[in-house]
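Notes for the structure review
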Amino acid sequence: MDLEQLKYPIGKYEAPAEISAAVLKGYINDIRYLPSLVEIAVQNLDAAQLATPYRPDGWTVVQVVHHLVDSHTNALTRFKWALTEDNPTIKAYNEAAWAELPDVAKTPINISLTLLHALHTRWVNLMENLTEEQWQRTFVHPESGKTFVLKAVAGTYSWHGKHHLAHIERLKERNNW
């Protein structure tokens with residue numbers, strides 16, 4: 001398996017040309033079920049397995065789980081900014097640096113799994129109650145200068161969760177865990 005396959009086990013995200021109501025519902029369901037799927041994926045891993053990187057120079061399983069909480073907390077905040085401000089410029093963050101902070105190294109993953117369940121419940125409750133007009137709200141990412149529509153952002157995070165879940169699942173498969 002080459003490095004590109006290890007980095008992107010489900011491929012890079014490709015946005016659809018159009019996001020139908022059915023596609024959007026699928027995104028929401030992906031976000032809804034991710035915490036349970038991650039919890040199942042890590043439930044029988046021991047400390048050494050949790051400390052194993054999913055690829056050379058990649059994050060450990062622990063870092064991936066904590067990263068999902070960091071990333072998706074930012075995502076929910078970005079949704080709320082877009083819903084309450086007119087095309088706000090959101091705050092970017094250094095994912096790699098966050099993954100090296102002491103809370104990642106010192107906090108058991110069950111804490112982040114609990115946070116992930118709670119966070120996704122809040123996020124899904126928000127998304128399931130948005131109007132079509134609200135789904136068209138936008139924000140600007142400061143690094144790219146691009147404007148993002150919430151409906152498309154939901155797709156990005158649907159993919160993001162499955163992407164990191166696949167990192168864990170493929171690592172387990174490769175190592176026969």
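First, a word on scope: everything that follows refers to the structure included in this document. Residue indices begin from 1 for each chain and proceed along its sequence in written order. Thresholds applied to this predicted model are a pLDDT of at least 70 for local features of residues and 80 or more for the giving and counting of side-chain atom pairs; totals over whole chains, interfaces and linings are not thresholded and use all residues. Think of the side-chain values as coming from all heavy atoms in the structure, minus any hydrogens and water.

What follows covers the overall build of the protein. For helices the rule is a DSSP run of H or I covering at least 4 residues; for strands it is a run of E covering at least 2, with both sets numbered from the N terminus onward. Regarding its fold elements, the protein presents nine helices and two strands. In the protein, the succession of helices and strands from N to C terminus is α-α-α-α-α-α-α-α-β-β-α. Two things to know: the radius of gyration comes from C-alpha atoms, and the globule rule equals 2.2 Å times the number of residues to the power 0.38. The C-alpha radius of gyration computed for the protein amounts to 16 Å, which stays within 12% of the reference 16 Å derived for 177 residues, consistent with globular compactness. The principal-axis extents of the C-alpha atoms in the protein amount to approximately 45 × 30 × 30 Å. The buried share of the protein, taken over its 177 residues, is 44%. Partly exposed residues are those whose accessible area sits between 20% and 50% of the maximum for their type, while under 20% is buried and over 50% is exposed, using a 1.4 Å probe and protein chains only.

Any Lys or Arg side-chain nitrogen found within 4 Å of a carboxyl oxygen on Asp or Glu counts as a salt bridge. The final tally for this structure, using the stated rule, is five salt bridges. Between Asp 30 and Lys 162 there is a salt bridge, with its nearest N and O atoms 3.2 Å apart. Of this pair, Asp 30 sits in helix α2 (residues 21–42) while Lys 162 is found in helix α9 (residues 150–174), placing the two residues 132 residues apart along the sequence. The partly exposed category is assigned to Lys 162, whose relative accessible area is 39%.

A separate point is the packing of helix α4 (residues 61–84) against α9. Relative to each other, α4 and α9 sit at 175 degrees, their axes nearing to 11 Å. If you check the angle between α4 and α9, you find them roughly antiparallel. On the side of α4, the interface is formed by Val 61, Val 64, Val 65, His 67, Leu 68, Ser 71, His 72, Ala 75, Arg 78, Phe 79, Ala 82 and Leu 83, while α9 contributes Leu 150, Val 153, Ala 154, Tyr 157, His 160, Gly 161, His 164, Ile 168 and Leu 171. Of the residues belonging to the contact of α4 with α9, the class tally is 14 nonpolar, six polar and one charged. Where helices are involved, their axes are fitted lines through C-alpha atoms of the stretch in contact, as for all axes, and angles between N-to-C directions lie from 0 to 180°. Any angle from 65 to 115 degrees is called roughly perpendicular, while one under 35 is roughly parallel, one over 145 is roughly antiparallel, and all others are oblique. Any two residues having at least one pair of non-hydrogen atoms within 4.5 Å are treated as being in contact. The nonpolar class holds Ala, Val, Leu, Ile, Met, Phe, Trp, Tyr, Cys and Pro. Asp, Glu, Lys and Arg form the charged class, and all remaining residues, Gly among them, are polar.

Glancing now at the environment of His 163. Considering the arrangement of structural elements, one finds His 163 in helix α9. Residue His 163 is classed as buried on the basis of its relative accessible area of 6%. Distance in space between the C-alpha atoms of His 163 and Ala 47 is 22 Å, their sequence separation being 116 residues. Leave out the neighbours within four places in its chain, and His 163 touches Lys 7, Tyr 8, Pro 9 and Ile 10.

So, about the packing of aromatic side chains. We call Phe, Tyr and Trp rings a pair once their centres come within 6.5 Å, taking the six-membered ring for Trp, and we label the pair stacked below 30 degrees between planes, edge-to-face above 60, and tilted otherwise. If you walk through the whole model with that rule in mind, you get six aromatic pairs. For the pair Tyr 13 and Trp 159, a centre-to-centre distance of 6.2 Å together with 50 degrees between the ring planes defines the contact as tilted. Of this pair, Tyr 13 sits in the loop between α1 (3–7) and α2 while Trp 159 sits in helix α9; the two residues are 146 residues apart in sequence, bridging distant segments of the chain. On the basis of relative accessible area, Trp 159 is assigned to the buried category, the value being 15%.

By secondary structure assignment, the location of His 67 is in helix α4. Beyond its immediate chain neighbours, meaning those up to four positions away, His 67 contacts Trp 59, Tyr 93, Glu 95, His 160 and His 164.

Here we take up a nonpolar patch on the surface. Taken together, the side chains of Tyr 33, Leu 37 and Ile 40 define a hydrophobic patch exposed on the protein surface, amounting to about 300 Å² of accessible area. Mapped onto the elements, Ile 40 comes out in helix α2. What makes a patch is a set of residues exposed beyond 30% relative accessible area and free of salt bridges, joined within 9 Å when like-charged and within 5 Å when nonpolar (Val, Leu, Ile, Met, Phe, Trp, Tyr). Here the Shrake-Rupley method, with its probe set to 1.4 Å, supplies the accessible areas, and only the displayed protein chains count as covering residues.

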